[in-house]
Amino acid sequence: VQEDQQPGLDSLLRRPGSEVVSATPIVTMRIAEVNGAPTDRWAETHGLSPRYWALRREYRSTYRDRLEPIERLTGGRWFGPATARDTLFEFSFEEDVAADLKLQLGDVVTWDVQGVRVRARMTSTRARPDTASAIAPRNASTMPTPSALRRSGRSRRTRNMPSSLLSTSIPL
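What counts, and at which threshold
- Residues numbered from 1 in each chain as written.
- Predicted model: local features only at pLDDT ≥ 70, side-chain atom pairs only at ≥ 80, totals over all residues.
- Heavy atoms only, no water.
- Helix = DSSP H or I, 4+ residues; strand = E, 2+ residues; numbered from the N terminus.
- Buried < 20%, exposed > 50% of the residue type's maximum accessible area, 1.4 Å probe, protein only.
- Contact = heavy atoms within 4.5 Å.
- Core = buried A, V, L, I, M, F, W, Y, C linked by side-chain atoms within 4.5 Å.
- Phe/Tyr/Trp six-rings, centres within 6.5 Å; stacked < 30°, edge-to-face > 60°.
- Lys NZ or Arg CZ within 6 Å of the ring centre and 35° of its normal.
- Salt bridge = Lys/Arg side-chain N within 4 Å of Asp/Glu carboxyl O.

Engineer: What exactly am I supposed to notice about the overall build of the protein here?
Structural biologist: Secondary structure summary: the protein contains five helices and eight strands in total. Listing every helix and strand of the protein by position from the N terminus yields α-β-β-α-α-β-β-β-α-β-β-α-β. For the protein, with 172 residues in total, the buried portion stands at 39%. Counted over contacts in the protein with a minimum sequence separation of 6, partners at least 24 positions apart contribute 69%.

Engineer: Please clarify how the nonpolar core should be interpreted in this entry.
Structural biologist: One broad trend across soluble globular proteins is that nonpolar side chains are buried collectively. Ile31, Tyr59, Phe91, Phe93, Leu101, Leu103 and Trp111 are the most contacted members of the largest nonpolar core, which has 23 residues in total. Secondary-structure elements contributing two or more residues to this core are strand E1 (27-34), helix H2 (39-45), helix H3 (53-56), strand E5 (89-94), helix H4 (95-100), strand E6 (108-113) and strand E7 (116-127). Element by element, the count of residues in this core is highest for E1, at four residues. The residues touching leucine 101, leaving out its near neighbours within four places in the chain, are Ile31, Trp42, Leu48, Ala54, Leu55, Tyr59 and Phe93.

Engineer: Can you walk me through unusual backbone geometry in this structure?
Structural biologist: Trans peptide bonds make up most of the peptide bonds, and negative phi angles are found at most residues other than glycine. With a phi close to 50 degrees, asparagine 35 is a non-glycine residue in the positive phi region. Locating asparagine 35 in the fold gives a position in the loop between E1 and strand E2 (37-38). When its relative accessible area of 39% is taken as the criterion, asparagine 35 is described as partly exposed. Although it is not a glycine, lysine 102 sits at a positive phi angle of roughly 65 degrees. Checked against the element boundaries, lysine 102 lands in the loop between H4 and E6. What makes lysine 102 partly exposed here is its relative accessible area of 38%.

Engineer: Looking at this structure, how should I read the packing of aromatic side chains?
Structural biologist: Two numbers describe a pair of aromatic rings. These are the distance of the centres and the angle of the planes. Evaluation of the coordinates by the stated rule reveals seven aromatic pairs. Centroid distance tyrosine 59 to phenylalanine 93: 5.7 Å. Interplanar angle 65 degrees. Geometry classified as edge-to-face. Within this pair, whereas tyrosine 59 is found in strand E3 (residues 59-61), its partner phenylalanine 93 is found in strand E5, the two being separated by 34 residues in sequence. Comparing tyrosine 59 with phenylalanine 93 shows no difference in burial state: the two are buried. One aromatic cluster is present, formed by Tyr59, Phe91, Phe93 and Trp111 through successive ring pairs. The cationic tip of arginine 57 hangs over the ring face of tyrosine 59; the distance from NZ or CZ to the ring centre is 4.1 Å.

Engineer: In this structure, what is going on with the pattern of salt bridges? I would like to understand it.
Structural biologist: Pairing between side chains of opposite charge can happen when their charged atoms approach one another. All chains considered together, the criterion is met by six salt bridges. Ionic pairing is found between arginine 128 and glutamate 71, a salt bridge with its closest N-O pair at 3.4 Å. Linking arginine 128 in the loop between E7 and helix H5 (146-152) with glutamate 71 in the loop between E3 and strand E4 (72-76), this pair joins segments that are 57 residues apart in sequence. Measuring nitrogen to oxygen at the nearest pair gives 2.7 Å for the salt bridge that ties arginine 77 to glutamate 90. Within this pair, whereas arginine 77 is found in the loop between E4 and E5, its partner glutamate 90 is found in strand E5, the two being separated by 13 residues in sequence. Under the relative-accessibility criterion, glutamate 90 is labelled partly exposed at 22%. Salt bridges sharing partners connect three or more residues here, namely Arg64, Glu71, Arg126 and Arg128.

What follows is the structure, given as structure tokens:
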């Protein structure tokens with residue numbers, strides 16, 4: 001949602017039964033390198049297919065300075081604030097995606113953030129319960145999960161929704 005689109009979306013969400021809880025900035029990016037190796041070389045040396053989904057996908061990520069209330073740190077330490085002089089940033093990755101990519105704490109991922117290379121060290125992993133957000137960039141903690149919607153019978157369109165939210169947090 002672009003800034004000029006937010007008032008219209010907010011008016012829709014403020015209808016009876018809805019609440020605007022927070023606005024979360026989202027940026028799209030892809031993994032360009034891991035520890036200085038292009039993704040195809042990283043895949044080869046770590047037993048992954050060069051076309052592995054987690055190396056090729058577009059991440060819809062956010063930048064923030066704290067965990068969300070529904071998240072918990074599962075490894076490492078939460079990153080500190082970034083400064084204008086930083087050339088190596090810090091980030092937290094969802095624990096299952098980090099494991100799928102064979103990443104370890106301290107690994108440096110070079111992100112392609114809409115054409116700009118940003119290097120960041122993974123300082124922590126985190127987990128969150130079964131959530132999915134169909135309306136980005138709203139706070140997923142307030143959204144009903146796809147499984148809850150299916151059980152309630154309120155939505156047939158959740159049948160193919162993912163059961164977890166994949167996200168990255170990098171202070172840009």
